[in-house]
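Here's the letter readout for the chains.
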Amino acid sequence: QQMETMKLYREFGVNPLGGCLPTLLQMPIWFALYRFFPASIEFRQASFLWAHDLSSFDVFFRLPFELPFGIGSHISLLTVLWTASTLAYTYYNSKMMDMSTVNPAFQWMQYLMPVMFMVYFNSYASGLTLYLLFSNLLNIVQTVGSQKFLFDSDKILLKLEENKKKPK
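Criteria and thresholds
- Residues numbered from 1 in each chain as written.
- Predicted model: local features only at pLDDT ≥ 70, side-chain atom pairs only at ≥ 80, totals over all residues.
- Heavy atoms only, no water.
- Helix = DSSP H or I, 4+ residues; strand = E, 2+ residues; numbered from the N terminus.
- Contact = heavy atoms within 4.5 Å.
- Core = buried A, V, L, I, M, F, W, Y, C linked by side-chain atoms within 4.5 Å.
- Buried < 20%, exposed > 50% of the residue type's maximum accessible area, 1.4 Å probe, protein only.
- Polar contact = N/O pair within 3.5 Å; in protein donor to acceptor, adjacent residues only side chain to side chain.
- Axes fitted to C-alpha atoms, helices over the stretch in contact; angles between N-to-C directions.
- Parallel < 35°, antiparallel > 145°, perpendicular 65-115°, else oblique.
- Nonpolar A, V, L, I, M, F, W, Y, C, P; charged D, E, K, R; others polar.
- Phe/Tyr/Trp six-rings, centres within 6.5 Å; stacked < 30°, edge-to-face > 60°.

**Comments concerning the environment of Arg44**
Along the chain, the position of Arg44 falls in the loop between α2 (20-39) and β1 (61-67). Here the alpha-carbon distance between Arg44 and Leu54, two residues 10 residues apart in the chain, equals 6.3 Å. Residue contacts for Arg44: discarding those within four places in its chain leaves Pro38, Ala39, Asp53 and Ser55.

Take a look at the structure:
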């Protein structure tokens, strides 16, 4: 199956690692953000909407018991909103792709990962989850807007067919 997938990539002139490069370029920035938000003096006691301290987690709902795995005894609304926006973005993107050739485990993993990160981000700096939420919302607007107003899918398909006809 992998050989056929690579053959298909070559046939249409698509680089399978094309989506990895932007992620690799962002990795140092992500590491810096994870260290910056909880340690920054500027975010201590700085509030935004219901989050009273952006260097700590926001407590939207306090539970009468402690949840396992370090989740805590609270629910962070910014984390819940980030998880919901990530799941919505993932669902939208999966509708744009042909998932018939994708391993079924991957189909579920793309929905499971945001929920797993929700466990981690629930007790993390609300400034970071606020940043991630706004970043997701911006990505959603950018993706939907570019698909509706910038890209001509018929023209892209025509270009892929031209690449297919070129000798290898």
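**Brief notes about the nonpolar core**
Formed by 13 residues in total, the largest nonpolar core has its most connected members in Phe37, Leu78, Trp82, Phe121, Tyr124, Leu128 and Leu132. Those elements giving two or more residues to this core turn out to be α2, α3 (77-96) and α5 (126-150). Setting aside its immediate chain neighbours within four residues, Trp82 contacts Pro114, Phe117, Met118, Phe121, Thr129, Leu132, Leu133 and Asn136.

**Some points on the side chain of Ser94**
By secondary structure assignment, the location of Ser94 is in helix α3. For Ser94, a relative accessible area of 9% puts it in the buried group. Within polar-contact distance, the side chain of Ser94 engages the backbone oxygen of Tyr91 at 2.9 Å.

**With respect to the side chain of Asp58**
Within the secondary structure layout, Asp58 lies in the loop between α2 and β1. The class for Asp58 is buried, based on a relative accessible area of 2%. For Asp58, the side chain forms a polar contact with the main-chain nitrogen of Leu77, separated by 3.2 Å. Separated by 3.4 Å, the side chain of Asp58 and the backbone nitrogen of Leu78 make a polar contact. Dropping the residues within four chain positions of it, Asp58 is found in contact with Trp50, Ala51, His74, Ile75, Ser76, Leu77, Leu78 and Ser126.

**A few points about the packing of α2 against α5**
Orientation of α2 relative to α5, taken along the N-to-C sense of each, is 140°, at an axis distance of 8 Å. By the criterion of interaxial angle, the relationship of α2 to α5 is oblique. Contact residues: Trp30, Leu33, Tyr34 and Phe37 in α2; Gly127, Leu128, Tyr131 and Leu132 in α5. Of the residues that constitute the contact of α2 with α5, the class distribution is 7 nonpolar, 1 polar and no charged.

**Re the packing of aromatic side chains**
This structure, assessed with the given rule, holds 9 aromatic pairs. Between Trp82 and Phe121, the ring centres sit 5.1 Å apart and the planes meet at 85°, which makes this aromatic pair edge-to-face. Taken as a pair, Trp82 in helix α3 and Phe121 in helix α4 (residues 104-121) lie far apart in primary sequence, 39 residues in all. Residue Phe121 is classed as buried on the basis of its relative accessible area, which comes to 2%. Look at Phe117 and Phe121: their rings are 5.9 Å apart centre to centre, the planes differ by 20°, and that puts the pair in the stacked class. You can see Phe117 and its partner Phe121 sitting in helix α4, 4 residues apart, about one turn around the helix. Every member of this aromatic cluster is reached through a ring pair, and the members are Trp30, Tyr34, Trp82, Phe117, Tyr120, Phe121, Tyr124 and Tyr131.

So, to be careful, I would describe these as geometric facts and stop short of saying anything about function.
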